[in-house]
Amino acid sequence: MHTFEFTRPKDSAGAIRAASQTKTTQQGAPGYARFVAGGTTLIDLMKLNVETPSQLIDINRLPLATIEGTPDGGLKIGATVRNSDLAHHPRVQRDYAVLSQALLSGASAQLRNMATTAGNLLQRTRCVYFRDTAIACNKREPGTGCPAITGFNRTLAILGTSESCIATNPSDMNVALAALEATVHVQGPKGARAVPIGEFHLLPGSTPQRETVLEPGDLITHVTLPPPIAGSKQLYLKLRDRASYEFALASAAVVLTIANGKVTRARVAMGGVGTKPWRSPEAESALVGQAADAASFRKAAEAALRNAKPQSENAFKVELAKRCLTHALQTAATS
Ligand SMILES: Cc1cc2nc3c(=O)[nH]c(=O)nc-3n(C[C@H](O)[C@H](O)[C@H](O)COP(=O)(O)OP(=O)(O)OC[C@H]3O[C@@H](n4cnc5c(N)ncnc54)[C@H](O)[C@@H]3O)c2cc1C
Ligand code: SF4
């Protein structure tokens, strides 16, 4: 068991100061720090020796647990808001139903009571090799190789993969946030910045260990959602090996506006298939201006999966994801 320092700052500045004393967020490097929120990802990985921070900074006392309206009519969600509180918030249920549905499809009630907004944004892949320190893994130990490419890859990604890593981003919440065009707000040693969700997570490329644009010492303070689209139809559909307590094999978050039988606006994102939460501009442009019917929805799904690159065990995901998206669009349109 490795040892670590534990601090519990009272404000964001104290938390960032504590985290900034370290020079790196690289796993295994001497003196790397981690914030701990719900702990449902981090503590798991510490027990497996996958994460070995030398400093743990508890952010649960920071005043970051509120949900409030923004002056432009959108919503501000604090970093430590629990997934269950967010899913059941009346404004989320009324204006951002796709987010509520995505959160409630994830994990279990107990986990959702602990898990936080920022922790969910940063949850790590469930690739089995990543979680086993006896085996090589480029994400855990850069340069050691990716056994998943020739090994067990049934649950892994078919979009956004590289020769270095094919791991899936496992979050349901992130898929809904992508379709809702959320913004992630970060406070760091160099000040505050706002990052659109589409730019927050990185493709693996040749550096799969780097999963987001966060720098050492960066604290996520909150997430904002733009004002809701009046009359939009929203849905999150998740397909998995069993009905609950399981990660997505394929999922779809859709936000549609339909007028006179035609799609006038579409936002589409997919989960379970991408190395990051997968927004699909291809599906969106295939939908806009078209009849809101089964044929258009299938064409959009074909467009979304056009660049899919299946691995040895997960070719089934291509058709599964197409059917998932087609069904989500159909169900949303007729709701
Ligand atoms: C058995 C099981 C089943 C699950 N099933 C699902 C599922 O079906 N769908 C799904 O989407 N998820 C699922 N999850 C994952 C779960 O949603 C995540 O573990 C949870 O959202 C992480 O939130 P947390 O607050 O516990 O994060 P933590 O474990 O506290 O932190 C996770 C990471 O985020 C960092 N961090 C936390 N807060 C901040 C901050 N404010 N700023 C910067 N960094 C921060 C931490 O340093 C750490 O690296 C499952 C988890 C388990 C254990
Ligand atoms: S897919 Fe990524 S996480 Fe899984 S073994 Fe390969 S490098 Fe590691």
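One can find the structure itself at the top, above this paragraph.
What you are looking at is a predicted structure, and each value in this text was computed from that prediction instead of being measured.

Asker: Explain the sheet that holds strand E5 (residues 75-78) to me, please; I cannot follow it from the model alone.
Answerer: Strand pairing in a sheet relies on backbone hydrogen bonds, with the paired strands running either antiparallel or parallel. Sheet architecture is open: 5 strands sit in the order E4-E5-E8-E6-E7, paired in antiparallel fashion. Each of the sheet's edge strands pairs with one partner strand only, and the pair in question is strand E4 (67-69) and strand E7 (191-196). This sheet shows a mean twist of 25° between the axes of neighbouring strands, independent of strand direction. The pairing of E4 with E5 spans 3 bridges and is classified as antiparallel. Bridging from a neighbouring strand, Ile67 pairs with Ile77 of E5.

Asker: I would appreciate a short explanation of the side chain of Asn153 in the present structure.
Answerer: Its location among the elements puts Asn153 in the loop between helix H7 (117-121) and helix H8 (173-179). Not counting chain neighbours up to four residues away, the residues in contact with Asn153 comprise Ala148, Ile166, Gln311, Ser312, Glu313 and Asn314.

Asker: Got a minute to help me understand helix H5 (residues 97-104) in this structure?
Answerer: Helical geometry: 3.6 residues make up each α-helical turn, so side chains three or four residues apart lie on a common side. Burial runs high along H5: 6 of the 8 residues are buried. Every buried residue of H5 is accounted for by Ala97, Val98, Leu99, Ser100, Ala102 and Leu103.

Asker: Sorry, what's going on with the pairing of E7 here?
Answerer: Every other side chain in a regular strand lies on the same face of the sheet, so the side chains alternate between the two faces. Direction of pairing for strand E6 (residues 183-188) relative to E7: antiparallel, over a ladder of 6 bridges. Paired with His185 across the two strands is Ala194, which belongs to E7. Hairpin connection from E6 to E7: 2 residues lie between these consecutive antiparallel strands.

Asker: Looking at this structure, how should I read the site of ligand 2?
Answerer: Close contacts around ligand 2 come from 13 residues, with Cys127, Cys137, Cys146, Cys165 and Ile166 the closest. Residues that form the shell around ligand 2 fall into these classes: 10 nonpolar, 2 polar and 1 charged.

Asker: Quick question: what am I supposed to make of the side chain of Asp172 here?
Answerer: With respect to the secondary-structure elements, Asp172 resides in the loop between H7 and H8. On the basis of relative accessibility, which here comes to 7%, the residue Asp172 falls in the buried class. Dropping the residues within four chain positions of it, Asp172 is found in contact with Ala102, Ser105, Gly106, Tyr236, Lys238 and Ala248.

Asker: I'm lost on the pattern of salt bridges in this one. Help?
Answerer: Between side chains of opposite charge, a pair can form when the charged atoms approach closely. Counted under the stated rule, the structure contains 22 salt bridges. Here Arg8 and Asp58 are joined by a salt bridge, their closest N and O atoms 3.0 Å apart. Placement of the pair is Arg8 in the loop between strand E1 (5-7) and helix H1 (12-20) and Asp58 in strand E3 (residues 55-58), with a sequence separation of 50 residues. Of the charged contacts in the structure, one is a salt bridge between Asp172 and Lys238, with a shortest N-O distance of 2.8 Å.

Asker: Can you help me understand the site of ligand 1 in this one?
Answerer: Around ligand 1, the surrounding shell holds 33 residues, and the nearest of these are Phe35, Thr40, Thr41, Thr116 and Asp172. Thr116 places a side-chain nitrogen or oxygen 2.6 Å from an oxygen atom of ligand 1. For ligand 1, a nitrogen atom lies 3.2 Å from a polar atom in the side chain of Gln123. Protein contact buries 94% of the 990 Å² of open area that ligand 1 shows by itself. Secondary structure elements with two or more residues in the shell around ligand 1: strand E2 (33-36), helix H2 (42-47), H7 and strand E8 (219-225). Tallied by class, residues from the shell around ligand 1 come to 16 nonpolar, 11 polar and 6 charged.

What counts and how
Residues numbered from 1 in each chain as written. Chains lettered and ligands numbered in written order. Predicted model: local features only at pLDDT ≥ 70, side-chain atom pairs only at ≥ 80, totals over all residues. Heavy atoms only, no water. Pairing = 2+ DSSP bridges. Helix = DSSP H or I, 4+ residues; strand = E, 2+ residues; numbered from the N terminus. Axes fitted to C-alpha atoms, helices over the stretch in contact; angles between N-to-C directions. Contact = heavy atoms within 4.5 Å. Buried < 20%, exposed > 50% of the residue type's maximum accessible area, 1.4 Å probe, protein only. Near = heavy atom within 4 Å. Nonpolar A, V, L, I, M, F, W, Y, C, P; charged D, E, K, R; others polar. Salt bridge = Lys/Arg side-chain N within 4 Å of Asp/Glu carboxyl O. Polar contact = N/O pair within 3.5 Å; in protein donor to acceptor, adjacent residues only side chain to side chain. Areas by Shrake-Rupley, 256 points an atom, 1.4 Å probe, with all protein chains shown as cover.

Shape descriptors only; they carry no functional weight alone.
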